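Residues per chain are reported as follows:
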Amino acid sequence: MKNFALRKVFLILTEKIARLENLYNSKLADERIFGNDFITSCQRSLDKLKAEILQNKLILLESYSEKTLEDAKIQKVLSSLEKCITGFLELHSLLSYLPSNYVIPETGIFLNNVLKNHHNLCGIKSNILLSPDFLTRDTHKDLFELIFPCEIASNTLTLYLPIMESSDPLYWVILSKKIFAHTDKIRINPKLIADRLFEERNINLEDRALLEKLAYELTSDLFTVKLFGPAYYYLMLELGTFRSIAESKKRHNPTLAIREELIYNELKKVSMADELAQAHEWFAELSRLSEKLHSILGFEFKRDNLLPLFNELMIALDREVSEKLEKSALFNEKDYKKSLQAYDRLNNDVLISSSYIHDIDNIRNDYEKACKEPEESFNIYEHLNKFKEDPNTPQQIVNAGWMYKDNTTDKVFFDFLSNDYGPANLGLFPSYTTKLDNNLVKSIETLVIHKVLLNED
Amino acid sequence: MILNEEQILERMVDPDPSRRIIITPLINPEEQFGPTSVDLRLGTDFQVIKRPNITHLDFINDPKEISRNLARYTTPVKVGATEPFVLHPGEFALASTLEYIRVPLDLAARLEGRSTWGRLGLLIHATAGFVDPGFSGALTFELSNIGQVPMPLYPGVRISQICFFESKKTKLPYAEKKYSKYSGKTTTACSAYFKDPEYCRIRKALDS
């Protein structure tokens, strides 16, 4: 597990860097728009990161063997990892000054339309406001405050779904959890809940403020995991591992470890954690491996004295969130099973917008039986209609996508490392996920049409 | 030999998965199956060329530059489920099928228009209606309106049909063919003419 944990975090990092590079190549390396200084800085940061990854190529390849890596090698990889994290965050902050349309193109808007048309998602009938601006809220602070008078949680649900072909790969689709904050029907005020809970306790103001801040974020997490199931767990680990470090520090937000534990426990309660056991384990292993990582990723809830209060707060929030959500909107075991079926289809690269109502083998058996009967009784439509398919839900599709990604990337990373990829070819690495992402986008898009044509919305 | 509806059905449930025709989603088979074809629907994404921005198609430039220019010269258009894409008279646009198709190695296929739409002046492909054995993905439409009035096209509408032909099992499936450019794509992709090897050679000759 030690080897896997190390590799996994490098794998996530490599994919992120490769995607940034693709974005850079397709859009940002245009001197006419961005100017020489910006391009040189981006290129330099990218080159440094790529060199760091390639330096560890041999150790990473060795990590695929059964034997646990020697300590010296582990330390080398870890120190490289720490440098990469710093470099990646620098590059990220450089890019955050760009106008949002260069970072988050039209996919967000497209998915917004999809969600508007897909009324059953989240059980919300009103328009779902979904804006690319969520990613750049620091640069649009005034606008945000105008739209969302309440405090904005930082952990928007971000799905990695590029819309175009592989030349334009970096598209962030934001399924913002703010959909809950500004929808009257399910409005919830975590601060009020925290206040109510602690009003008669003797808690100092600083601790109280800390718990209130945590309440916003964790409410958001609870909503999302209940609506999106295990996908949110995968997503949070992958995107949160690097993206939220700076934010967590700046905003005193709950650490990734608190979130991880909360979400994992939530999924265990509803028997959906089996598939996640390995991810849970590598994440824990990572925290054991390095003190520095341990501290920058914030694996622990530092204030032990607040733990009992924190647990009480969690129970209160959970109760409140569960009351606000319609049962039909929750991601349940049936959804999970359908996601697993869709995952099988993904293994064959097939679109997963829908699933067969009848089993293919049964259709064949029925057809063969009917062929042996007198021709007059044979009705071709009876057999053709058995190919009718049932549309999946976006949640089922997204879950299947994350399961697939989690189960296949390790092998893809091995192939990537084994082949003679030079730094120039790093951009080829995420092409497999681009393909997957395209499949997921197309699937979501198709299921909406499917539902309209069935006239069952 | 062209496959009839029963033969298509048999190939969709073939015990050997590699011999199966896959067409998904089949939203309403009763509406979609014909005697020798299956109707296919229009998807939601389109590529339109921004004519005012383009002086000519550059075949010789550096492929990276062409790729960047293509993104600048074409507009991807997404339409929602009940939103039309309006194709004006004389206009050309790329689109794709809503369905994902997989053609087994011993079949070839042809994409054709439907007469209902042909009567209104809609062409669904300019020249490339042939589908190779081993193809998988969404098929591309090369739409043009040769009628006199603008045509609102809604996603999910059956504008085309696919028919299948038997052949001997190929040893050169589309996905494995050298220089195949569109295999496995599920979205509408622009022409990748600049990736054709002859242009590389011409570029090389020009450079030397």
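These numbers were taken from a predicted model, which means no experiment stands behind them.

**As for the packing of helix α10 (residues 190-198) of chain A against helix α16 (residues 307-324) of chain A**
Residue and element names in this part refer to chain A. Relative to each other, α10 and α16 sit at 130 degrees, their axes nearing to 10 Å. With respect to α16, the axis of α10 lies oblique. Relative to α16, the crossing made by α10 is right-handed. In this structure, α10 uses Pro190, Ile193, Ala194, Arg196, Leu197 and Phe198 to contact α16, whose residues at the interface are Leu309, Glu312, Leu313, Ala316, Leu317 and Glu320. Tallied by class, residues from the contact of α10 with α16 come to nine nonpolar, no polar and three charged.

**Section: the confidence of the model for chain B**
Residues of chain B with pLDDT of at least 70 account for 96%, and the chain-wide mean is 87. Confidence metrics for the complex model read pTM 0.80 and ipTM 0.89.

**Quick look at the sheet that holds strand β1 (residues 22-24) of chain B**
Pairing is antiparallel across the open sheet formed by three strands, whose spatial order is β1-β6-β10 (chain B). The sheet is open, and its two edges are formed by β1 and β10 (136-137) of chain B, each paired on a single side.

**Let's talk about the interface of chain B and chain A**
Listed per partner, the contact involves 44 residues of chain B and 46 residues of chain A. Of the roughly 3700 Å² buried at the junction of chain B and chain A (both faces included), carbon and sulfur atoms supply 60%. Of all residues in chain B, the largest losses of buried area upon contact with chain A belong to Leu9, Val13 and Ile27 of chain B, amounting jointly to 16% of the total for that side. Where chain B touches chain A, the interface holds one salt bridge. Counting the contacts that link chain B with chain A gives 13 residue pairs in polar contact (both at pLDDT 80 or more). Residue assignment for the side of chain B that touches chain A shows that the elements contributing at least two residues are α1 (5-12), β1, α2 (29-32), β2 (38-49), α3 (63-73), β3 (74-78), β5 (92-97) and β6 (100-102) of chain B. A class-by-class count of the residues in the side of chain B that touches chain A yields 18 nonpolar, 11 polar and 15 charged.

**Details of the side chain of Ser339 of chain A**
With respect to the helices and strands, the residue Ser339 of chain A is situated in helix α17 (residues 333-347). Setting aside residues no more than four positions away along its own chain, Ser339 of chain A makes contact with Phe331, Gln396, Asn399, Ala400 and Met403 of chain A.

**Brief notes about the pattern of salt bridges**
Under the definition given, this model contains 24 salt bridges over all chains. One salt bridge in this structure joins Asp410 of chain A and Arg7 of chain A, with 2.9 Å as the shortest N-O distance. A residue pair is termed long-range when its members are at least 10 positions apart, and Asp410 of chain A in helix α20 (residues 394-418) and Arg7 of chain A in helix α1 (residues 2-28) qualify at 403 residues. Since its relative accessible area comes to 17%, Asp410 of chain A is described here as buried. Salt-bridge contacts for Glu99 of chain B lead to Arg41 of chain B; the nearest nitrogen and oxygen are separated by 4.0 Å. Taken together, the residues Glu99 of chain B in the loop between β5 and β6 and Arg41 of chain B in strand β2 connect sequence positions 58 residues apart. Arg41 of chain B matches Glu99 of chain B in its accessibility class, with the two residues each being buried. When salt bridges that share partners are traced, they join Lys226, Glu266, Lys269 and Asp318 of chain A into one network.

Cut-offs used in this document
Residues numbered from 1 in each chain as written. Chains lettered and ligands numbered in written order. Predicted model: local features only at pLDDT ≥ 70, side-chain atom pairs only at ≥ 80, totals over all residues. Heavy atoms only, no water. Axes fitted to C-alpha atoms, helices over the stretch in contact; angles between N-to-C directions. Helix = DSSP H or I, 4+ residues; strand = E, 2+ residues; numbered from the N terminus. Parallel < 35°, antiparallel > 145°, perpendicular 65-115°, else oblique. Left-handed = near helix turned anticlockwise from the far one by under 90°. Contact = heavy atoms within 4.5 Å. Nonpolar A, V, L, I, M, F, W, Y, C, P; charged D, E, K, R; others polar. pLDDT = per-residue confidence, 0-100. Pairing = 2+ DSSP bridges. Buried area = accessible area lost by both parts, 1.4 Å probe. Salt bridge = Lys/Arg side-chain N within 4 Å of Asp/Glu carboxyl O. Polar contact = N/O pair within 3.5 Å; in protein donor to acceptor, adjacent residues only side chain to side chain. Buried < 20%, exposed > 50% of the residue type's maximum accessible area, 1.4 Å probe, protein only.

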